[in-house]
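Residues per chain are reported as follows:
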4 protein chains.
Amino acid sequence: MSEELIRVGVLGARGRMGAQAVGAVDGAADLDLVAALDAGDDLAALVDAKAQVVVDFTHPDAVMDNLRFAIDAGVHAVVGTTGFDQDRLRTVTGWLGAKPELGVLIAPNFALGAVLAMRFAQQAARFYESAEVIELHHNRKADAPSGTAAHTAQLISQARTDAGLAPGSDATTSEMAGARGANVGDVRVHSVRLPGLVAHEEILFGAEGETLTIRHDSMDRSSFMPGVLLGVRAVRTRPGLTVGLEHVLEL
Amino acid sequence: MSEELIRVGVLGARGRMGAQAVGAVDGAADLDLVAALDAGDDLAALVDAKAQVVVDFTHPDAVMDNLRFAIDAGVHAVVGTTGFDQDRLRTVTGWLGAKPELGVLIAPNFALGAVLAMRFAQQAARFYESAEVIELHHNRKADAPSGTAAHTAQLISQARTDAGLAPGSDATTSEMAGARGANVGDVRVHSVRLPGLVAHEEILFGAEGETLTIRHDSMDRSSFMPGVLLGVRAVRTRPGLTVGLEHVLEL
Amino acid sequence: MSEELIRVGVLGARGRMGAQAVGAVDGAADLDLVAALDAGDDLAALVDAKAQVVVDFTHPDAVMDNLRFAIDAGVHAVVGTTGFDQDRLRTVTGWLGAKPELGVLIAPNFALGAVLAMRFAQQAARFYESAEVIELHHNRKADAPSGTAAHTAQLISQARTDAGLAPGSDATTSEMAGARGANVGDVRVHSVRLPGLVAHEEILFGAEGETLTIRHDSMDRSSFMPGVLLGVRAVRTRPGLTVGLEHVLEL
Amino acid sequence: MSEELIRVGVLGARGRMGAQAVGAVDGAADLDLVAALDAGDDLAALVDAKAQVVVDFTHPDAVMDNLRFAIDAGVHAVVGTTGFDQDRLRTVTGWLGAKPELGVLIAPNFALGAVLAMRFAQQAARFYESAEVIELHHNRKADAPSGTAAHTAQLISQARTDAGLAPGSDATTSEMAGARGANVGDVRVHSVRLPGLVAHEEILFGAEGETLTIRHDSMDRSSFMPGVLLGVRAVRTRPGLTVGLEHVLEL
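Residues numbered from 1 in each chain as written. Chains lettered and ligands numbered in written order. Predicted model: local features only at pLDDT ≥ 70, side-chain atom pairs only at ≥ 80, totals over all residues. Heavy atoms only, no water.

## A closer look at the overall build of chain A
A count of helical and extended segments in chain A gives seven helices and 13 strands. When the backbone C-alpha atoms are referred to their principal axes, chain A occupies close to 70 × 40 × 40 Å. Counted over contacts in chain A with a minimum sequence separation of 6, partners at least 24 positions apart contribute 73%. A gap of 1 Å separates the mean positions of the 21 positive and 32 negative side-chain charges of chain A. (Helix = DSSP H or I, 4+ residues; strand = E, 2+ residues; numbered from the N terminus. Contact = heavy atoms within 4.5 Å. Lys, Arg positive; Asp, Glu negative; His and termini not counted. Charge placed at Lys NZ, Arg CZ, Asp CG, Glu CD.)

This is the structure in structure tokens:
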């Protein structure tokens with residue numbers, strides 16, 4: 001009773017991710033879904049509904065206007081819409097200058113497991129002689145490696161460089177083209193594509209006599225929702241712009 | 001040139017682990033192996049050799065005398081010998097009271113991968129509805145589950161309790177005895193025993209639509225040496241008693 | 001052109017599995033979906049449509065009448081409906097006595113991967129000192145172990161007995177209750193339950209210096225359809241009663 | 001009592017594999033180690049010792065003379081020495097023409113698990129839309145992919161072709177060079193190299209809604225001995241030349 005619910009509005013409510021977010025907010029005992037809007041709806045409904053936090057899963061063409069509106073109206077924002085480059089991030093930071101109490105969280109990936117896997121990989125990197133990444137996806141995926149795997153490999157490679165590690169040794173002298181995967185920094189990345197797979201990432205670290213493996217298996221986009229809810233709960237106490245869910249996990 | 005080598009002595013130098021430690025210290029570019037002693041040798045050799053750090057892989061019957069000697073002589077200590085209960089730890093803390101600049105690191109497990117796996121498991125625990133542990137060992141192992149797996153499950157269960165999570169739901173109504181494993185707190189632990197296996201631990205976390213798996217594979221005891229060397233390098237700048245390698249990993 | 005399509009009717013066409021079967025038959029280039037019936041529909045439609053094979057995903061209460069009708073009408077049958085005990089199988093065999101050219105295939109499991117995994121496990125069993133099974137399912141499953149895992153373990157145990165192998169050695173002297181899993185013959189079975197999992201089975205064999213693992217991951221019931229189609233194509237050339245998809249795989 | 005032991009001689013008895021074979025034969029209850037010879041020893045000792053089967057782990061330069069001698073002396077042979085091309089196999093077949101009751105088994109791989117994995121892969125291949133192979137080895141290995149993985153992929157690709165399957169679909173349009181592995185027929189092969197690994201092979205098959213994985217982990221060369229012993233027991237009842245352990249497994 002004494003605990004007040006957080007009043008949440010969702011933008012892009014009829015899209016794939018937005019609809020999931022509507023359901024997730026609606027199902028959370030500590031949140032109150034006060035608005036569910038989509039393209040064409042008047043954003044003023046957010047204000048009328050006294051939304052405290054807005055969740056945006058809309059479109060790169062719409063998200064900046066939505067953020068401008070939310071910040072002006074004093075509403076915190078959790079954003080899963082893509083398309084944020086440095087210019088856009090600077091613009092949002094500028095807008096927030098006038099509202100120092102407001103928080104905006106922009107996250108390219110709300111899958112807790114993927115974010116944790118990346119974070120642990122970064123932490124483990126400096127303790128191992130070398131690392132490789134295998135990502136496995138369904139055979140309809142257009143890019144190889146996946147963005148998450150490439151990003152993971154970059155984080156590991158950077159952590160290795162920061163720790164002053166030499167590139168992992170590799171005795172390969174005879175290679176059939178492609179066998180050893182793609183180079184991302186000094187980390188090899190391998191992409192498996194098969195029907196029946198969904199989205200999986202495996203990060204392998206090796207040292208004398210032992211290996212450490214971190215694996216994330218994602219079955220469907222419902223797996224993004226715990227991360228979204230975590231963001232909604234955290235954004236009100238994190239003024240300013242935060243980029244990346246990892247910063248609100250408080251590991 | 002300017003960088004001075006750390007002068008290291010090893011006690012239990014002819015034992016299985018001690019011999020590995022002798023080799024590891026000898027092979028490290030920043031360390032200087034100045035003494036390698038075993039039962040019957042005079043500890044005064046440590047002082048004569050101006051050892052700065054002593055590594056102890058001896059026996060529960062010998063380790064307390066060794067530590068007493070090292071602390072009196074102003075030598076830091078890294079201890080892999082087992083048998084430390086609360087009484088012994090209090091005694092060591094007492095001895096260190098007179099030497100506030102000295103560091104003693106006592107670690108039940110020097111396998112970096114096992115320590116990292118436990119640490120990550122602890123960090124991930126509060127984000128998942130439930131967790132289970134599978135440990136797999138050769139068929140000559142006497143205890144099930146392994147100490148590491150039981151300890152991992154305890155850490156996860158504690159982290160879940162601290163975060164206010166309810167026990168993971170389980171719809172099992174019909175169980176063949178033992179199928180669902182052993183209960184350690186609210187974490188189920190499964191022990192596989194097969195010839196051909198060495199020592200493996202797999203920690204599984206599950207939430208709606210995704211799983212996160214952390215796996216450690218240990219092939220032989222050479223895998224403990226990077227952790228020992230890390231301890232040797234860290235102990236001089238960590239005054240007082242430290243229990244557990246995880247505290248020197250600075251994650 | 002010259003190749004004629006196989007004319008197929010589906011019973012239980014509005015059920016979960018039946019609806020999948022309707023779609024799968026409809027989508028197969030060599031099959032012609034000529035009837036899709038459900039409870040209340042007249043089976044005579046099968047005859048009117050000149051069905052050559054009927055697929056039955058109905059109910060234990062309905063399937064025997066359906067089979068009686070199909071056999072009388074000279075229609076081959078592929079049956080995924082459950083509830084067949086020895087009595088029922090004898091009855092079907094009796095009916096088939098009057099129609100020696102007709103084939104009936106009854107399969108408890110149409111997942112090709114599960115059937116292959118069991119078959120390979122059976123073949124590998126006699127080469128290994130011991131074997132264990134881990135099955136992993138979502139946390140809404142009521143029984144532990146799964147029927148498939150229990151059946152797999154029985155097949156392995158039987159193959160080991162047939163080959164004159166002694167039970168796998170196990171040095172466990174100190175066990176926390178349940179850690180070593182359930183005994184099915186001389187094979188230990190472990191059941192993991194977590195949200196985010198779907199249906200997975202892992203069969204592990206161990207011998208000196210090596211392990212062999214066979215794993216099947218099933219994401220949804222669409223995975224049963226290739227097995228159903230295989231059955232439809234094979235049943236016309238396999239007169240009499242066949243129980244189990246493994247017999248039509250021709251491994 | 002009534003069961004006579006098989007009399008076995010080992011050639012190359014002081015080599016790495018030969019020494020293992022000496023120990024394995026010596027330890028087998030149904031075998032009698034009657035000779036253990038190495039370079040420089042007189043092969044006549046085999047005859048003096050009444051060896052029935054000879055195991056050859058010598059050198060490509062020596063093995064043909066050894067086989068010539070064994071066949072002339074009426075001794076069956078099990079050969080793990082490498083370097084057999086078509087010419088050599090034809091020569092051995094020619095020699096055996098004069099001794100129709102003698103058996104010679106030449107096997108490039110005596111690891112039962114590897115041979116079983118390849119066999120199962122071959123059997124499973126035609127049931128799946130596509131397949132990929134991941135092999136993982138220590139970072140001292142010079143070739144990528146491993147010979148076993150390349151051979152496995154060839155077997156799968158051939159089985160797919162024999163079954164009339166189209167190449168597995170792959171929607172990759174944007175690839176970082178090497179990410180999708182090496183092409184062996186229509187099977188992609190990925191090679192991971194890390195310290196801490198030994199020798200591992202994983203074969204993945206995918207179809208709508210499911211995957212099947214066959215994995216072999218090899219820890220050390222002791223794992224080859226069960227295959228050698230199996231060969232010794234089988235070769236006396238398999239007259240003529242047999243190439244490949246798979247033919248004596250009777251799957």
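Text resumes after the structure shown.
## Side note on the relation of the copies chain D and chain A
In screw terms, the move from chain D to chain A is a rotation of 180 degrees and a rise of 0.0 Å along the axis, fitting with an RMSD of 0.1 Å. Taken together, the rotation and translation relating the two chain copies correspond to the operation of a two-fold axis. Closest approach to the rotation axis among the C-alpha atoms of chain D is made by D:Gly178, whose C-alpha sits 1.9 Å away. When the interface residues of chain D are mapped onto chain A, 100% of them are again interface residues, pointing to one common binding face. (Least-squares fit on C-alpha atoms with pLDDT ≥ 70 in both.)

## Let's talk about the pattern of salt bridges
Residues and elements named next belong to chain A. With the rule as written, the count across this model stands at 48 salt bridges over all chains. With a closest N to O distance of 2.5 Å, Asp-170 and Arg-180 form a salt bridge. One end of the pair, Asp-170, is in the loop between α6 (147-162) and β8 (174-175); the other, Arg-180, is in the loop between β8 and β9 (182-184), with ten residues separating them in the sequence. The class of Asp-170 is partly exposed, set by a relative accessible area of 29%. (Salt bridge = Lys/Arg side-chain N within 4 Å of Asp/Glu carboxyl O. Buried < 20%, exposed > 50% of the residue type's maximum accessible area, 1.4 Å probe, protein only.)

## Topic: the interface of chain B and chain C
Contacts between chain B and chain C engage 46 residues on the former and 46 residues on the latter. Buried surface at the junction of chain B and chain C, both sides included, amounts to about 3100 Å², of which 61% is carbon and sulfur. The largest contributions to the chain B side of the interface with chain C come from B:Met176, B:Leu194 and B:Pro195, which together make up 16% of the buried area. Applying the counting criterion to the chain B and chain C interface returns zero salt bridges. Linking chain B with chain C are 22 residue pairs in polar contact (both at pLDDT 80 or more). At the level of secondary structure, the elements contributing two or more residues to the side of chain B that touches chain C comprise β6 (130-137), β7 (143-144), β8 (174-175), β9 (182-184), β10 (187-193), β11 (199-207) and β12 (210-218) of chain B. Of the residues in the side of chain B that touches chain C, the class split is 20 nonpolar, 15 polar and eleven charged. (Buried area = accessible area lost by both parts, 1.4 Å probe. Polar contact = N/O pair within 3.5 Å; in protein donor to acceptor, adjacent residues only side chain to side chain. Nonpolar A, V, L, I, M, F, W, Y, C, P; charged D, E, K, R; others polar.)

## A word on the sheet that holds strand β3 (residues 53-56) of chain D
Through backbone hydrogen bonds, the strands of a sheet pair up, either in parallel or in antiparallel fashion. Residue and element names in this part refer to chain D. Spatially, β2-β1-β3-β4-β5-β13 is the arrangement adopted by the six strands of the open sheet, whose pairing is parallel. What marks the edges here is a single partner per strand, and that holds for β2 (31-37) and β13 (240-243). Neighbouring strand axes in the sheet, compared pairwise and without regard to direction, differ in orientation by 20 degrees on average. Taken together, the four bridges between β3 and strand β4 (residues 76-79) define a ladder with parallel strand orientation. Considered in β4, the bridge of Val-53 is made with His-76. (Pairing = 2+ DSSP bridges. Axes fitted to C-alpha atoms, helices over the stretch in contact; angles between N-to-C directions.)

## Regarding helix α1 (residues 16-27) of chain C
All names here are of chain C. Between its first and last C-alpha atoms α1 spans 17 Å; for twelve residues at 1.5 Å apiece the expected length is 16 Å, and the two agree. Among the residues of α1, Met-17, Gly-18, Ala-21, Val-22, Ala-24 and Val-25 are the ones counted as buried. Where α1 is buried, its residues touch β1 (6-11), β2 (31-37), β3 (53-56) and α7 (225-235). (Expected span 1.5 Å × (residues − 1).)

## Description of the nonpolar core
If you look at the biggest cluster of nonpolar residues, it comprises 102 residues, and the most contacted ones within it are C:Phe205 and D:Phe205. Residues within four places of D:Phe205 in sequence aside, it is in contact with A:Leu194, D:Ala121, D:Ala124, D:Ala125, D:Tyr128, D:Ser130, D:Ala131, D:Ile156, D:Glu210, D:Thr211, D:Leu212 and D:Ile214. With 101 residues, the next largest nonpolar core counts A:Ala107, A:Val187, A:Phe205 and B:Val8 among its residues. (Core = buried A, V, L, I, M, F, W, Y, C linked by side-chain atoms within 4.5 Å.)

## A look at the UniProt feature "binding site: (S)-2,3,4,5-tetrahydrodipicolinate" (unreviewed entry) in chain A
Residues and elements named next belong to chain A. Mapped onto the present numbering, the UniProt feature "binding site: (S)-2,3,4,5-tetrahydrodipicolinate" (unreviewed entry) falls at His-138, Gly-147 and Thr-148. With respect to the secondary-structure elements, His-138 resides in the loop between β6 (130-137) and β7 (143-144). Setting aside residues no more than four positions away along its own chain, His-138 makes contact with Arg-193, Leu-194, Leu-197 and Val-198. Relative to the assigned elements, Thr-148 resides in helix α6. Classification of Thr-148 as partly exposed rests on a relative accessible area of 27%. Dropping the residues within four chain positions of it, Thr-148 is found in contact with Asn-109, Met-118 and Glu-201. (UniProt positions renumbered as here; feature names shortened; annotations may be inferred.)

## Notes on the sheet that holds strand β6 (residues 130-137) of chain C
Pairing is mixed in the open sheet, where ten strands are placed in the order β9(C)-β10(C)-β6(C)-β11(C)-β12(C)-β12(D)-β11(D)-β6(D)-β10(D)-β9(D). Pairing within the sheet leaves two strands with one partner each, and these edge strands are β9 (182-184) of chain C together with β9 (182-184) of chain D. Each strand of the sheet is rotated relative to its neighbour by a mean of 20 degrees, with strand direction disregarded. Two elements, β6(C) and strand β10 (residues 187-193) of chain C, share six bridges in a ladder whose sense is parallel. In the strand pairing of β10(C), C:Glu132 is matched with C:Arg188. In the packing of helix α6 (residues 147-162) of chain D onto the sheet, contacts are made with β6 (130-137), β9, β10 (187-193) and β11 (199-207) of chain D, and the angle to β6(D) comes to roughly 175 degrees.

## Looking at the relation of the copies chain B and chain C
Once chain B has been moved 0.0 Å along the axis and rotated by 180 degrees, it coincides with chain C to within an RMSD of 0.1 Å. Interface overlap between copies: 100% of the residues of chain B at the interface are likewise at the interface in chain C, consistent with a symmetric, same-surface contact.

## Re the interface of chain D and chain A
Across the boundary between the two partners, chain D contributes 46 residues, which contact 46 residues of chain A. Of the roughly 3200 Å² buried at the junction of chain D and chain A (both faces included), carbon and sulfur atoms supply 61%. Looking at the side of chain D that touches chain A, the elements that each hand over two or more residues are β6, β7 (143-144), β8 (174-175), β9, β10, β11 and β12 (210-218) of chain D. Residues belonging to the side of chain D that touches chain A are distributed by class as follows: 20 nonpolar, 15 polar and eleven charged.

## Comments concerning unusual backbone geometry
With an omega dihedral of 0 degrees, the bond running from A:Ala144 to A:Pro145 counts as a cis peptide bond. Relative to the helices and strands, A:Pro145 resides in the loop between β7 and α6. A positive phi angle, near 55 degrees, is found at B:Lys50, a position not held by glycine. Among the structural elements, B:Lys50 can be located in the loop between α2 (44-48) and β3 (53-56).

## Things to note about helix α3 (residues 60-73) of chain C
Residues and elements named next belong to chain C. Its 14 residues place the ends of α3 21 Å apart at the C-alpha level, agreeing with the 20 Å of an ideal helix rising 1.5 Å per residue. All of the buried residues in α3 are Val-63, Met-64, Asn-66, Leu-67, Ala-70 and Ile-71. For α3, the buried positions fall inside an angular range of 165 degrees around the axis, keeping them on one side. More than 90 degrees from the buried face of α3, the exposed residues found are Asp-61 and Asp-65. (Arc of directions from axis to C-beta.)

## Observations regarding the pairing of β2(C)
Residue and element names in this part refer to chain C. In this sheet, β2 lies alongside β1 in parallel orientation, the contact comprising six bridges. From the neighbouring strand, Leu-11 faces β2, where its bridge partner is Leu-37. Read as a crossover between parallel neighbours, the route from β1 over α1 to β2 is right-handed. (Right-handed = clockwise from strand over helix to strand, strands pointing away.)

## A closer look at the side chain of D:Ser218
Within the element layout of this structure, D:Ser218 appears in strand β12. For D:Ser218, a relative accessible area of 10% gives the class buried. In terms of polar contacts, D:Ser218 uses its side chain to reach the side chain of D:Ser223, at 3.3 Å. Here D:Ser218 is in contact with C:Gly209, C:Glu210, D:Val198, D:Ala199 and D:Ser223, once residues within four sequence places are set aside.

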